[in-house]
Amino acid sequence: MSDIKNNNDDKKLMSFKFNLDPMLAHKRCNGEIVLEEKRLLVVIDKKIEKEINTSEISEIITEQGVGCLYISYRLKADDSVHLLCRTDAKTSKRTSKLVRKMNLFFEDGVLPEDVKETAEACPKCGRPYKNGSTVCLHCVDKKKTLIRLWKYVKPYKWFVFMSIVMYFVISALRLLNPHINKIIVDDYIQSETPASVNISAFAIVVVSLFVLEVVSRGMSSVRSHLLIHSSNKMIVDLRNALFDKVQRLSVSKISERTAGDLMRRITTDTAQVNNFLVNYLPSVLEQLTVFIAVGIFILLYDARLFLLVMLPTPFVVLSFRLFWKFMHTLFHKRWQAGSVANTTLHDIFSGIRVVKAYGMERREGERYEKVTRGEKILQEKTDCIWSIIMPILKFMMSFGEFIILYYVGNKILGGKMTLGEMSQFSAYASMIYGPLRMVAHIPRHVMNFMTSSTKIFEILDEEIDVSDAENAKSFDIVGDIDINNISFGYDSGKEVLHKIDVHIKKGEFIGLVGASGVGKSTLINLIMRMYDVDEGSITIDGVDIRDISQESLRSQMGVVLQETFLFSGTVYQNIAYAKEGATRDEVIKVSKLAGCHSFIMRLPDGYNTKVGERGNTLSGGEKQRIAIARALLHNPKILILDEATASLDTETEKQIQDALANLSKERTTIAIAHRLSTLRNANRLVVLDKGRVAEIGSHDELMAKEGIYYGLVMAQREMTDMSSLADN
Amino acid sequence: MFGHSRHGGHRGPLPMDTSTEVKKIDAGNASFCMKNGFLSMTIKEENGEEKVYDRVFLHRDFPFELLWEYISVLDSDQIEIGIIYKIDDFEGETHEMLVTELERKYYEPRIKTIVSLKERYGFSYWEVVCEDGRNVKFTMQDTFRNIIRVGDDRAILLDVDGNRFVIESILGLDRKSHKKIELYM
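The following refers to the structure shown. Counting restarts for each chain: residues are numbered from 1 in the order of the written sequence. Chains and ligands are labelled sequentially in the order written, the chains with letters from A and the ligands with numbers from 1. At least 70 in pLDDT is required for a residue's local features to be given in this predicted model, at least 80 for side-chain atom pairs to be given and counted, and no such filter applies to totals for whole chains, interfaces and linings, which use all residues. Here the side-chain values reflect all heavy atoms present in the structure, with hydrogen atoms and water set aside.

1. A look at the overall build of chain B
Inclusion rule: Numbering of helices and strands runs from the N terminus; a helix is a DSSP stretch of H or I covering at least four residues, while a strand is a stretch of E covering at least two. Under the scheme applied here, a residue whose accessible area is under 20% of the maximum for its type counts as buried, over 50% as exposed, and between as partly exposed, the area being computed with a 1.4 Å probe on protein chains only. Accessible areas in this description were obtained via Shrake-Rupley with a 1.4 Å probe; residue shielding takes into account the shown protein chains only.
Looking only at helices and strands, chain B has 3 helices and 12 strands in total. The proportion of buried residues among the 185 residues of chain B is 46%. For chain B, the computed accessible surface area is about 9,400 Å², with 48% contributed by carbon and sulfur atoms.

Below is the structure:
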């Protein structure tokens, strides 16, 4: 063992850290793998523990343990694998990426520039980002978020301004009410000289009370109308902006989040933000106004009375906070129990055929009963505590009113206050405690609002990674595709495609062959520019696809995937989707070509048959043929078939193959198929193995070569022979 | 559970395990040693010949319930060679070696005390003391779902990075720790 500092004559190229002892299960260590020009070093606590000549290593290997990652190396001489180190799961993703980079050194002898990395934790506070997120909810500038939201409020600022003014006016009117009541009691009902009371003046006061009420309610109605009008428009604007942004994001960015997450942001989060801005915030402002105005009024009238009114305030606020904290835990548990009950029910109903087939109705009934019992117990507990504590809290709030009653009662008896004034102060006191109840909820509402608005802006601020170049071209594609030495890996760190170099001529039919997970679909996604390549380039007719506008590129490509998606709508709408303004004749023609016209004609509603989520149940093959008809109508220059006929029976597949053969005559076609007979019309076959091009050539050439393709064909023939024997 | 990367140990498509019989591996027919930092096995075949596997993988069949029983032994192609029904079938150094190998693969620090547990914005932030005395901070998302209860008393916690932490006895935790985790139980 020697110290790393004493061995620095070789240049350090790169390194990564590890934290678990290679051999001792639980022992943690402070280790580093250092790559130098001639040596690979394992350094633990600054001491070199192991040293291997880089010329002897063929590759570095990562293997996933449970909660840890193993890193080892393979020797060129005997292909043997030797353990280098282990590291825990926290660092494993980054380590995998660095190993990938290091492997490029062992392959080419040079290190590439930095491999792209996505930050997984906030650099400021170290907290991890939420799934697919790049904004830290803790460190986000909350003031900035509010200012940015103003952009969406601005078009309706007058509506909002008017409604806020009305909030203040209504608050003022509410404050006037007890004052008029005081006049009625003191000057008329409790008048020292009832005989001298002016009845018409009294009537005016009563009428003014009535008018006050009518005006207040009328204004409330107008204010609600203004808010509904502006909030609905604002929410639509916000949702449209979000939807538009999501549509412009790359598949890679969209895939980082689940469909449910995106939907939640567009629906629930926008509603949450809207509700806070338009309903909650003005309501808080109103309550605050009342609180301040009443407070000032009482303070000016009698400072001691003010103190008495405010005396229970801290207790009320604190009690509410504690109560909510306690109830939050209980509600959380109750919610969880409800969720478990729902999941159980969903599980049973989804698998009802299995339940019935195995005669498990009673057992499932007991399972459901058990979870609902758990939910019931929690429900009883929360309701019971709520019913006991809530009246106590309400009593605490009204306690201040008793103090006031005692205080002002004494004043009345002492002749220092009138009965009207007492009723006025009682009304004001009850007004002051209302806002206090709200104070306890403000942090929760603000937190929900901030979370939702941050999530919205996170999408709006998302950088469009697959974007059109400044001078992106739109042109008529001829169909020459050149894949020039491309490499690509998804964000997980593993390289999926490695130095793929394939050149496809216009009108060629190329078959992509290889085992699952070798990168066939990834290559197709790259040609469609769903992702951008990490290295190399893809050109169409000599133009880099990054310089072609995405709309122009994809509008001239047709795709049929293995998993067909039909939108909710009719068969006709689904086929016509590919071409705006398609005529009925065109739709029927392509349906005949795709072999779906005949089964459509057997449906009672023909082309008007509803399909999709709630529509008619079509078989996998029928859906596939509709998808093929859709692609045919699109009449693309480049046709991509990703296991397009995998779910069809052999006879139907043959029919569609013929249709596709007609279709692919004048266009470049790239097809992926596990069933190799599907590719019998292909001019050339590209065999991928472990992300690299292993073989390339025609069927005959590859059969003669007796390589991977030959093996695959033979294995399939054997299977076919076995099936025919079984059938006989 | 060993998943290979592109540069993984296995080359080419994974072959299928077509055997239908389970082979019992015990001290009578197998011996183990360490080679190049990995576990290596020599097994006596039914025909009496010895077969050497330069590298074998141990894999718990029931990783939550049975830590030292039902251990599959896989070859470098991840094909099962046989099952060790009980680690205790082996004694001395071999027993020690198999236990260490399993603990090396299943890196699951055991939690002794929960120092703090805070929930915010859908994450729960944990600060715990592990059995080896380390103070560890980790974050969990969707906390309810990522706490796996095993029986009435044991729990496995999965954090956002893929780390696993084990609480061997929830009831055995000190009162303060228990109170903190109670919400999720």
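2. A few points about the packing of helix α3 (residues 157-189) of chain A against helix α4 (residues 199-248) of chain A
Residue and element names in this part refer to chain A. As a reminder of what qualifies: Axis geometry follows a simple rule: fit a line to the C-alpha atoms, using only the stretch in contact for helices, then measure angles between N-to-C directions, giving values from 0 to 180 degrees. With respect to orientation, any angle under 35 degrees is reported as roughly parallel, any angle over 145 as roughly antiparallel, any angle of 65 to 115 as roughly perpendicular, and every other angle as oblique. Here a crossing is called left-handed whenever its near helix is offset anticlockwise from the far helix by less than a right angle, and right-handed whenever the offset is clockwise. In this classification, the charged set is Asp, Glu, Lys and Arg, the nonpolar set is Ala, Val, Leu, Ile, Met, Phe, Trp, Tyr, Cys and Pro, and all remaining amino acids, among them Gly, are polar.
Remark: α3 packs on α4, axes separated minimally by 9 Å, with the N-to-C direction vectors making an angle of 160°. Regarding the angle of α3 to α4, the classification is roughly antiparallel. When you trace α3 past α4, the crossing you get is left-handed. Its residues assigned to classes, the contact of α3 with α4 shows 24 nonpolar, 8 polar and 2 charged.

3. Thoughts on the packing of aromatic side chains
As a reminder, the rule being used: Centres within 6.5 Å are what make two rings of Phe, Tyr or Trp a pair, Trp counting through its six-membered ring; a difference in plane orientation under 30 degrees is then read as stacked, over 60 as edge-to-face, and the rest as tilted. Charges are assigned to positions over rings by a cutoff of 6 Å between ring centre and Lys NZ or Arg CZ, combined with an angular limit of 35 degrees from the ring normal.
Considering all chains together, one arrives at 17 aromatic pairs over all chains under this definition. Taking the centre distance of 5.2 Å and the plane angle of 70° together, the rings of A:Phe297 and A:Tyr428 count as edge-to-face. Placement of A:Phe297 in helix α6 (residues 259-301) and of A:Tyr428 in helix α11 (residues 419-439) is noted, with a sequence separation of 131 residues between them. Overall, the relative accessible area of 33% leaves A:Phe297 in the partly exposed class. Judged by relative accessible area, which is 4%, A:Tyr428 ranks as buried. Aromatic pair B:Trp126 and B:Tyr184: ring centres 6.3 Å apart, planes at 35°, arrangement tilted. Taken as a pair, B:Trp126 in strand β8 (residues 123-130) and B:Tyr184 in the segment after α3 (175-181) lie far apart in primary sequence, 58 residues in all. You can call B:Tyr184 buried: its relative accessible area is 6%. One Lys or Arg, B:Arg60, reaches over the ring of B:Tyr106 and ends 4.5 Å from the middle of that ring.

4. Some words on the environment of A:Val560
Note on placement: A:Val560 falls in strand β14 (residues 557-560). Residues A:Val560 and A:Leu641 lie 81 residues apart in sequence; the distance between their C-alpha atoms is 5.0 Å.

5. A word on unusual backbone geometry
All names here are of chain A. The phi dihedral of Arg 529 falls on the positive side, at around 55°, and the residue is not glycine. Using a relative accessible area of 2% as the deciding quantity, one classes Arg 529 as buried. Positive phi, normally seen in glycine, also occurs at Asn 635, with a value near 50°. Judged by its relative accessible area of 48%, Asn 635 is partly exposed.

6. Remarks on the pairing of strand β11 (residues 154-158) of chain B
All names here are of chain B. Definition in use: What makes two strands pair is DSSP finding at least two bridges between them.
With 5 of its 5 residues buried, β11 lies for the most part within the structure. Of the two faces of β11, the one carrying Arg 154, Ile 156 and Leu 158 and the one carrying Ala 155 and Leu 157 are both buried. Following strand β10 (residues 147-150), the chain reverses through 3 residues before pairing antiparallel with β11; Gly 151 in that reversal takes a positive phi of roughly 70°. Pairing between β11 and strand β12 (residues 164-167): 4 bridges, direction antiparallel. Bridge pairing links Ala 155 to Ile 167 in β12. With antiparallel pairing between neighbouring strands as the criterion, β11 and β12 make up a hairpin whose turn holds 5 residues, including Gly 162 at a positive phi of roughly 105°.

7. A short note on the side chain of A:Glu63
Rules: Here a polar contact is taken to be a pair of N or O atoms separated by no more than 3.5 Å, where protein atoms must pair a possible hydrogen donor with a possible acceptor and residues adjacent in sequence count only if both atoms sit in side chains.
In this fold, A:Glu63 is placed in strand β6 (residues 57-64). A residue is classified by how much of its surface remains accessible, and A:Glu63, at 1% relative accessible area, is buried. Within the structure, A:Glu63 has its side chain in polar contact with the side chain of B:Arg55 (distance 2.7 Å).

8. Comments concerning the sheet that holds strand β4 (residues 57-60) of chain B
All names here are of chain B. If you trace the 3 strands from one edge of the open sheet to the other, you get β4-β5-β6, paired in antiparallel fashion. Strand pairing shows two members of the sheet lacking a second neighbour, β4 and β6 (80-86), which therefore form its edges. Neighbouring strand axes in the sheet, compared pairwise and without regard to direction, differ in orientation by 30° on average. Bridging between β4 and strand β5 (residues 69-74) involves 4 bridges; their strand directions are antiparallel. From the neighbouring strand, Leu 58 faces β5, where its bridge partner is Val 73.

9. Examining helix α12 (residues 442-460) of chain A
We apply this condition: In this scheme, a helix's expected span is set at 1.5 Å multiplied by one less than its residue total.
Along its 19 residues, α12(A) runs 27 Å from first to last C-alpha, staying within 8% of the 27 Å computed at 1.5 Å per residue. If you check which residues of α12(A) are buried, you get A:Phe449, A:Met450, A:Thr451, A:Ser452, A:Ser453, A:Thr454, A:Lys455, A:Ile456, A:Phe457, A:Glu458, A:Ile459 and A:Leu460.

10. Brief notes about the state of the cysteines
Applied cut-off: Cysteine sulfur pairs qualify as disulfides if the two atoms are within 2.5 Å.
Inspection of the entire model under this criterion finds 0 disulfides over all chains. The closest cysteine sulfur to the non-disulfide-bonded A:Cys85 is located on A:Cys29, 8.1 Å from its own sulfur.

Coordinates in, geometry out; function isn't part of it.
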